[in-house]
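# Fold and contact review
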Amino acid sequence: MSQRPDFLPPSFDAGAAADPDSGLFGLSVPPEAAQVHVLGVPFDATTSYRPGTARGPKAVLRASHQVDLYDRYFGRPYEAGIALLPEAPVFGELQGKAYPRARPVIDAGGRIEGNAELAADLAAVNRAGDELNRAVRESVESSLGQGALPVVLGGDHSVPFGAMEALARRHPGLGILHFDAHADLRHAYEGFTWSHASILRNAMDRIDGIGRLVQVGLRDISEEEVEYQRASEGRIVALWDDEWAEAGLEGRRAALIRRTVAHLPREVYISFDVDGLDPVLCPNTGTPVPGGLSWHDAMAFLVELAKSGRRVVGLDLVEVSPGEPGDGPDGLGEHDSWDANVGARLLYRLIGCALATRK
Ligand SMILES: [Mn+2]
């Protein structure tokens, strides 16, 4: 056994069931003592297909109490101290403001020409996105200032822009390893500047310090996005889901993982949209698509990334949705949803991977 970190009470047992009132992963670590800061961002205003990811952070928190803290892949990530930051009221306020005003714009398919009311709705949603980005960026900068690993827990995929900004500023040339069914390279989807479907486009167009984007699991894409990838002249590298399936049939996956990871620069940000996984693992996510990575596929990428000597400087997990609202606390059901269970375990592995690269 290693030495017990100071933040754990002497009675703490990593193998025991977590107290329902405990923090993320059953730990109750003050942020000052934690090497990992998880920022929950309950926001999904531009969700176009199926809402619910705004309840993701609460659902993942509750499901995290079931995650075993010892990990055969990455050891004892909990010893670093993992703290869910106190919920910033600004996110709920922005969600309350932007969500209802986004609905009529989405219903109109983003075609707002000549309609002043819709134009005002769209402007309000875009302003909320600006504010959200600023709040996320400031929180991540504060975590970085304290030497902590910043982790953003969505929410939909629009939320981590501020984290990417803060990290690219600190690590010029930063690479992004992006797991997703979608490329998210659309230009202002449905008119929204800060749409979940535009997150990587916004990152590539608006953030100077990003060196390369490596996208894994893609299987639902517009022609405009393919053109954009092509025009990047190698700045964007895609591993398509059909290539991945074919490599499986031919027994070439291990080499393909190594080759994909080799495209990344030394410093890496992971943006993990849970819909990159097989929807069997995330049936309630906002925009599920058949195909996708298995659990073990995703783990193989994380293990290879850690082995490769690269350094994970920050990450997000987004688009985890517990499904229909329930009668339990925080709009959750009586029991943990399967999506939240998978999300909590994935979050723990992502954090474990990142910590393993920082040693
Ligand atoms: Mn996405």
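This write-up is about the structure you can find in this document. If you're wondering where the values come from, they're calculated on a predicted model, not measured in any experiment. (Residues numbered from 1 in each chain as written. Predicted model: local features only at pLDDT ≥ 70, side-chain atom pairs only at ≥ 80, totals over all residues.)

## A word on the overall build of the chain
Each helix and strand counted, the chain has 10 helices and eight strands in total. Here the C-alpha radius of gyration of the chain, 19 Å, is about what a compact globule of 359 residues would show, namely 21 Å. Each principal axis of the C-alpha atoms in the chain carries an extent, and together these give about 65 × 50 × 35 Å. Sorting the 359 residues of the chain into buried and exposed places 51% on the buried side. Excluding contacts between residues fewer than 6 apart, the proportion of contacts in the chain whose partners are at least 24 apart in sequence is 77%. (Helix = DSSP H or I, 4+ residues; strand = E, 2+ residues; numbered from the N terminus. Rg over C-alpha atoms; globule rule 2.2 N^0.38 Å. Buried ≥ 20, exposed ≤ 12 C-beta atoms within 10 Å, placed from the backbone. Contact = placed C-beta atoms within 7 Å.)

## Quick look at the packing of helix α9 (residues 295-307) against helix α10 (residues 338-358)
The geometry of α9 relative to α10 is characterised by a closest axis approach of 9 Å and an angle of 15 degrees between their N-to-C directions. By the angle between their axes, α9 is roughly parallel relative to α10. For the element pair α9 and α10, the recorded crossing hand is right-handed. Contact with α9, carried on its side by M299, L302, L305 and A306, involves R349, L350, C353, A356 and T357 of α10 and no other residues of that element. Per-class residue counts for the contact of α9 with α10 are seven nonpolar, one polar and one charged. (Axes fitted to C-alpha atoms, helices over the stretch in contact; angles between N-to-C directions. Parallel < 35°, antiparallel > 145°, perpendicular 65-115°, else oblique. Left-handed = near helix turned anticlockwise from the far one by under 90°. Nonpolar A, V, L, I, M, F, W, Y, C, P; charged D, E, K, R; others polar.)

## Section: the nonpolar core
Core analysis: the biggest nonpolar cluster contains 107 residues, and I82 and L350 have the highest contact counts within it. Here this core gets 11 residues from one element, more than from any other, and that element is α10. In this view, L350 contacts I270, F272, L302, L315 and L317; residues no more than four positions away in its chain are not counted. (Core = buried A, V, L, I, M, F, W, Y, C linked by C-beta atoms within 7 Å.)

## A look at the sheet that holds strand β2 (residues 82-84)
The strand order across the open sheet built from eight strands is β2-β1-β3-β8-β7-β4-β5-β6, with neighbouring strands paired in parallel fashion. A strand with exactly one partner marks an edge of an open sheet, and here the two such strands are β2 and β6 (236-240). For this sheet, the mean angle separating the axes of adjacent strands, direction not counted, is 15 degrees. Looking at chain direction, strand β4 (residues 174-179) and strand β5 (residues 210-218) are connected through six bridges and run parallel. In the strand pairing of β5, L174 is matched with I210. Across the face of the sheet, helix α4 (residues 161-170) comes into contact with β3 (149-154), β4, β5, β7 (267-273) and β8 (311-318) while running at roughly 175 degrees to β8. Here helix α7 (residues 241-249) sits on the sheet in contact with β5 and β6, set at roughly 50 degrees to β6. (Pairing = 2+ DSSP bridges.)

## Considering the packing of helix α2 (residues 89-107) against helix α3 (residues 116-145)
At a minimum axis distance of 8 Å, the contact between α2 and α3 shows a crossing angle of 150 degrees. As summarised for this structure, α2 and α3 are arranged roughly antiparallel, according to the angle between their axes. Seen from above, α2 lies across α3 with left-handed handedness. Along the contact surface, α2 presents V90, F91, L94, K97, A98, R101, A102, P104 and V105, while α3 presents L118, D121, L122, A124, V125, A128, E131, L132 and A135. Of the residues contributing to the contact of α2 with α3, the split by class is 14 nonpolar, no polar and four charged.

## A word on helix α5 (residues 199-206)
Those residues of α5 that sit buried are I199, L200, R201, N202 and A203. On the buried face of α5, the contacting elements are α4, β4, β5 and α6 (223-231).

## What to know about the pairing of β7
Moving residue by residue along a regular strand, the side chains alternate between the two faces of the sheet. Across the seven residues that make up β7, a large majority, seven, are buried. Along β7, one buried face is formed by E267, Y269, S271 and D273 and the opposite face, lined by V268, I270 and F272, is buried too. As paired elements, β4 and β7 share five bridges and run parallel to each other. Along β7, the bridge assignment pairs L177 with I270. As paired strands, β7 and β8 are joined by seven bridges and run parallel to one another. Bridge pairing in β8 places F272 opposite L317. Between the parallel elements β7 and β8, the chain passes through α9 in a crossover that is right-handed. (Right-handed = clockwise from strand over helix to strand, strands pointing away.)

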